[in-house]
Amino acid sequence: MTAATDLATPRVIESQDASDRRRRRLRRRAAVRSVIKHVLLIVLSIVMIYPLIWLVVSSLKPNSEIFTDLGIFTTDLTLENYAYGWTSQQLPFSHFLINSTILVIGATIGNLVSCSLAAYAFARLKFWGRNAYFAIMLGTIMLPFHVVLVPQFIIFRQLGWLETFLPLIVPKFLAVDAFFIFLMVQFIRGLPKEIFEAARIDGAGHLRIFGQVTLPLMVPALATTAIFTFIWTWGDFFGPLIYLRTRENFPVSVALKGFIDAQSSSNYGAMFAMSVVSLIPLFLAFLLGQRYLVKGFATSGIK
Amino acid sequence: MSSIGELRQMALQARRGRSGGEKAKAKNPDNRAGHLFLAPWLIGLVVFTIGPMIASLVLAFTDYNLLQPPTWAGFDNFTRMMGDARLWNSLRVTLVYVVVSVPLQLALALAVAVMLDRGMRGLAFYRSIFYLPSLLGGSVAIAILWRQVFGKEGLVNAFLSWFGIDGPGWISHPDYALATIIILHVWTFGSPMVIFLAGLRQIPEMYHEAAQMDGAGRFRRFFSITLPLLTPIIFFNLVLQIIFAFQSFTQAYIVSGGTGGPSDSTMFFTLYLYKQAFTELNMGYASAMAWLLLLVIAAFTAINFWFSKYWVFYDD
């Protein structure tokens with residue numbers, strides 16, 4: 001504390017010697033602090049990441065060794081768990097991966113189209129009831145979905161959509177994920193107004209301003225939306241659990257559950273292996289999209 | 001600005017009596033285009049939100065098992081809820097989860113964000129490491145991993161055995177199972193951390209310099225500058241994380257193998273609601289439960305907003 005003071009208000013009358021000593025002391029203290037900080041952060045990093053590494057290494061170990069040796073350093077690596085796990089759920093695991101992929105593609109397109117349309121309206125257009133709609137939209141972000149769960153289920157059942165992907169995709173085309181509308185509104189508001197005015201003066205209608213001016217400019221927000229939709233849809237468990245109850249319709253998340261249902265005779269290696277398979281797309285999304293994810297969080301921070 | 005901040009601004013404006021100056025029709029030149037662009041959302045709002053909300057409110061007063069048409073039950077579902085010990089237990093479990101895991105997660109997120117602030121070496125590396133779990137944490141695969149990490153022969157007990165401690169099977173012990181799910185939530189502190197980091201970056205450097213000039217030390221500067229300026233961000237994180245935590249489902253479901261066990265110790269409210277709706281087919285009862293959940297969440301949110309007067313610092 002005194003150190004900080006001394007730094008800011010150097011005494012004028014001070015021997016060269018004393019100030020040297022002081023500077024050295026300060027530097028040493030800063031170095032010690034930095035080392036402590038890094039040690040703490042590295043320990044925390046290891047604690048955070050170790051379970052993931054253990055998962056990956058265990059998935060590559062012979063089944064008998066997984067729990068006898070919990071270390072992550074081993075030379076006895078094998079892919080047999082992957083081969084066994086891939087086929088152990090009656091259908092090949094690729095089937096579930098394809099189902100998940102279809103869900104992700106549908107949901108992503110839906111969110112991109114519907115949320116960008118709504119966001120443009122909220123951010124750039126003046127119309128009756130806008131503020132009220134906007135408040136309602138923000139409110140729906142906070143609404144627990146359980147209060148609409150049962151009626152939604154009844155609607156989809158009446159439509160004959162159970163055991164199809166439609167209940168998990170169609171709502172996305174109607175912008176039910178209001179969080180992304182908000183994210184895009186924030187982004188569009190941040191764009192320079194002059195661009196829109198210039199387009200207006202050039203005689204462009206709203207559809208053109210939206211399609212040819214706004215969309216190209218909001219690619220970062222669209223990317224954030226796409227990546228989040230990908231991650232959330234890929235990981236979604238509750239929706240598929242209630243709407244998709246036959247094995248051939250299972251996405252990866254529900255298919256994985258099969259491994260714990262059958263755990264009495266379980267093959268942990270296979271379970272780990274398929275868990276790793278299910279995490280790889282998320283990991284890739286993280287690697288490729290980290291920039292957009294962090295930015296998306298930072299600008300509108302939710303979840 | 002966050003969604004919470006936005007709502008607050010709108011409320012303030014409404015109180016001042018000028019809600020964006022919507023007086024004459026001339027002020028709304030884009031009426032047609034606006035509603036056209038908004039059409040998908042409006043349809044979705046009516047069909048998937050407002051309509052179902054009304055329907056579930058009505059269903060809450062009926063007996064409905066999907067197979068026969070609903071029959072009016074008056075307040076039966078609500079009186080039954082009063083006497084349903086499992087329901088109150090599930091509410092208690094959920095409250096413990098929310099009240100413990102959310103503050104813990106946010107505190108850790110804040111602490112790490114402050115450590116990582118201001119261009120420290122390796123920031124990008126640490127941020128990635130801490131952020132990754134929050135993207136994976138909601139998945140079934142991680143919940144499966146957790147079952148093994150905290151199992152009788154899992155990683156945690158292997159670690160404890162170094163110190164001669166013979167740990168229990170955490171997942172299968174009624175006193176500890178919930179704690180493992182709380183730890184899983186804390187493990188995903190990366191996403192609020194990223195938000196805090198962004199907030200920290202917006203605090204002007206000169207505040208710190210000025211305070212330093214006046215002789216304020218590290219701790220003083222943290223508590224007098226950093227923390228007050230971050231309170232709006234902490235607040236909206238708190239509000240939203242609480243709302244979302246009340247709705248947690250997947251982790252409790254997978255960690256307990258779909259049972260909410262052992263002895264209902266991980267029976268989250270949402271898990272019990274799911275069982276009532278989709279295994280017992282008590283759709284009316286489940287709807288009533290959903291409204292109870294909404295009320296509880298609304299109460300928490302209201303209390304949060306009310307308390308925010310005393311600790312959240314707004315610059316405007």
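What you see is a predicted model, and the numbers here were worked out from it, not measured in a lab.

Caption draft 1: Focus on the overall build of chain A. Helices and strands together make up the secondary structure of chain A, namely 14 helices and zero strands. Shown N-terminal to C-terminal, the secondary structure of chain A runs as helices and strands in the order α-α-α-α-α-α-α-α-α-α-α-α-α-α. Here the C-alpha atoms of chain A give a radius of gyration of 27 Å, more than 25% beyond the 19 Å that 2.2 N^0.38 yields for 303 residues. Its C-alpha atoms give chain A principal-axis dimensions of about 90 × 70 × 35 Å. Buried positions account for 42% of the 303 residues belonging to chain A. Contacts in chain A between residues at least 24 apart in sequence constitute 77% of all its contacts with a sequence separation of at least 6.

Caption draft 2: Region of the structure containing the overall build of chain B. Across its full length, chain B holds 14 helices and two strands. Its C-alpha atoms give chain B principal-axis dimensions of about 75 × 75 × 35 Å. Within chain B, counting contacts between residues at least 6 apart in sequence, those at least 24 apart form 70% of the total.

Caption draft 3: Looking closely at the domain arrangement of chain A. Residue and element names in this part refer to chain A. Each domain of chain A was delimited in the assignment, giving domain 1 (2-78) and domain 2 (83-300). Once you take the C-alpha centre of each, domain 1 and domain 2 turn out to be 37 Å apart. Counting from both sides, the interface comprises seven residues of domain 1 and, opposite them, seven residues of domain 2. Here the side of domain 1 that touches domain 2 is built from residues that sort into three nonpolar, three polar and one charged.

Caption draft 4: Quick peek at the nonpolar core. If you look at the biggest cluster of nonpolar residues, it comprises 166 residues, and the most contacted ones within it are Ala118, Ile181 and Met184 of chain A. Met184 of chain A has contacts with Cys115, Ser116, Ala119, Met218, Ala221 and Thr225 of chain A, leaving out every residue within four places of it along the chain.

Caption draft 5: Fine view of the interface of chain B and chain A. Taken together, the contact between chain B and chain A spans 79 residues of the former and 72 residues of the latter. The element best represented in the side of chain B that touches chain A is helix α2 (residues 31-59) of chain B, accounting for 18 residues. Class assignment of the residues belonging to the side of chain B that touches chain A gives a composition of 51 nonpolar, 24 polar and four charged.

Rules used in this analysis
Residues numbered from 1 in each chain as written. Chains lettered and ligands numbered in written order. Predicted model: local features only at pLDDT ≥ 70, side-chain atom pairs only at ≥ 80, totals over all residues. Helix = DSSP H or I, 4+ residues; strand = E, 2+ residues; numbered from the N terminus. Rg over C-alpha atoms; globule rule 2.2 N^0.38 Å. Buried ≥ 20, exposed ≤ 12 C-beta atoms within 10 Å, placed from the backbone. Contact = placed C-beta atoms within 7 Å. Domains from an automatic or database assignment. Nonpolar A, V, L, I, M, F, W, Y, C, P; charged D, E, K, R; others polar. Core = buried A, V, L, I, M, F, W, Y, C linked by C-beta atoms within 7 Å.

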